[in-house]
Amino acid sequence: MLNPFPHLLNYGFFAPTLLRVTVACLMFFIAQQAWLGAKTIAAIPFPLVGKTKPWVIHIAAGITALVGLTLFFGYNTQWAALVGILIAIKLTYFRKQLGQTIGLPVLAYAFLVILCASLLLTGAGALAFDLPL
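Owing to the predicted nature of the structure, the values given are computational and were not obtained by experimental measurement.

**Quick notes on the overall build of the protein chain**
Counting its regular elements, the protein chain contains six helices and zero strands. Listing each helix as α and each strand as β along the protein chain from the N terminus yields α-α-α-α-α-α. Taking the principal axes of its C-alpha atoms as reference, the protein chain extends roughly 55 × 30 × 25 Å. When the 133 residues of the protein chain are sorted by exposure, 35% land in the buried category. Sequence separation of at least 24 residues holds for 74% of the intrachain contacts in the protein chain that already meet a minimum separation of 6. When the accessible area of the protein chain is evaluated, it comes to approximately 8,600 Å², of which 75% is carbon and sulfur surface.

Dropping the structure here:
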């Protein structure tokens, strides 16, 4: 079947950019929810760690926001995507303990892993500081 809009294929380099900005917005949302609910999350007993201090949650939220910031500007995109995959897997694993504190369904975390894996394989796209070699 013929492509109905063949001229749009010239803009295919912007597809990773859209994915990158989407993942950055999700990371910002997760960081905001973790920052605002730090006291609630700190009271939850986690396996192997137990209860934590609120400053540990603030550091984790800061790392998540930093990943979102680097993805938004396209700086070290593949490293940020790899850390984003780890964050999404961690949040999926602790989803039952976190409850409604970070209010994303499990399918959103699966999409986050898929989007980050796509960025890991395709690179930063247009309007990024990463240069393809």
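Still more ground to cover, so stick around.
**Observations regarding the nonpolar core**
Counting residues in each nonpolar core, the largest one holds 30 residues, and the members touching the most others are Val23 and Ile102. If you list the elements that add at least two residues to this core, you get helix H1 (15–36), helix H2 (38–42), helix H3 (54–73), helix H4 (77–93) and helix H6 (106–122). Those residues in contact with valine 23 that sit more than four places away from it in its chain are Leu71, Leu112, Leu115, Cys116 and Leu119.

**A word on the packing of aromatic side chains**
In the structure shown here, the tally under the stated rule is two aromatic pairs. A centroid spacing of 5.2 Å and a plane angle of 85° characterise the contact between phenylalanine 72 and phenylalanine 73, whose relative ring orientation is edge-to-face. The class for phenylalanine 72 is partly exposed, based on a relative accessible area of 36%. Geometrically, the ring pair formed by tyrosine 93 and phenylalanine 94 is edge-to-face, given 5.0 Å between the ring centres and 70° between the ring planes. Note on tyrosine 93: relative accessible area 59%, which makes it exposed. According to the relative accessible area criterion, phenylalanine 94 is buried, its value standing at 18%.

**Regarding the environment of leucine 91**
Secondary-structure assignment places leucine 91 in helix H4. The buried category is assigned to leucine 91, whose relative accessible area is 5%. Those residues in contact with leucine 91 that sit more than four places away from it in its chain are Ile30, Leu98, Ile102 and Tyr109.

Calculation notes
- Residues numbered from 1 in each chain as written.
- Predicted model: local features only at pLDDT ≥ 70, side-chain atom pairs only at ≥ 80, totals over all residues.
- Heavy atoms only, no water.
- Helix = DSSP H or I, 4+ residues; strand = E, 2+ residues; numbered from the N terminus.
- Buried < 20%, exposed > 50% of the residue type's maximum accessible area, 1.4 Å probe, protein only.
- Contact = heavy atoms within 4.5 Å.
- Areas by Shrake-Rupley, 256 points an atom, 1.4 Å probe, with all protein chains shown as cover.
- Core = buried A, V, L, I, M, F, W, Y, C linked by side-chain atoms within 4.5 Å.
- Phe/Tyr/Trp six-rings, centres within 6.5 Å; stacked < 30°, edge-to-face > 60°.

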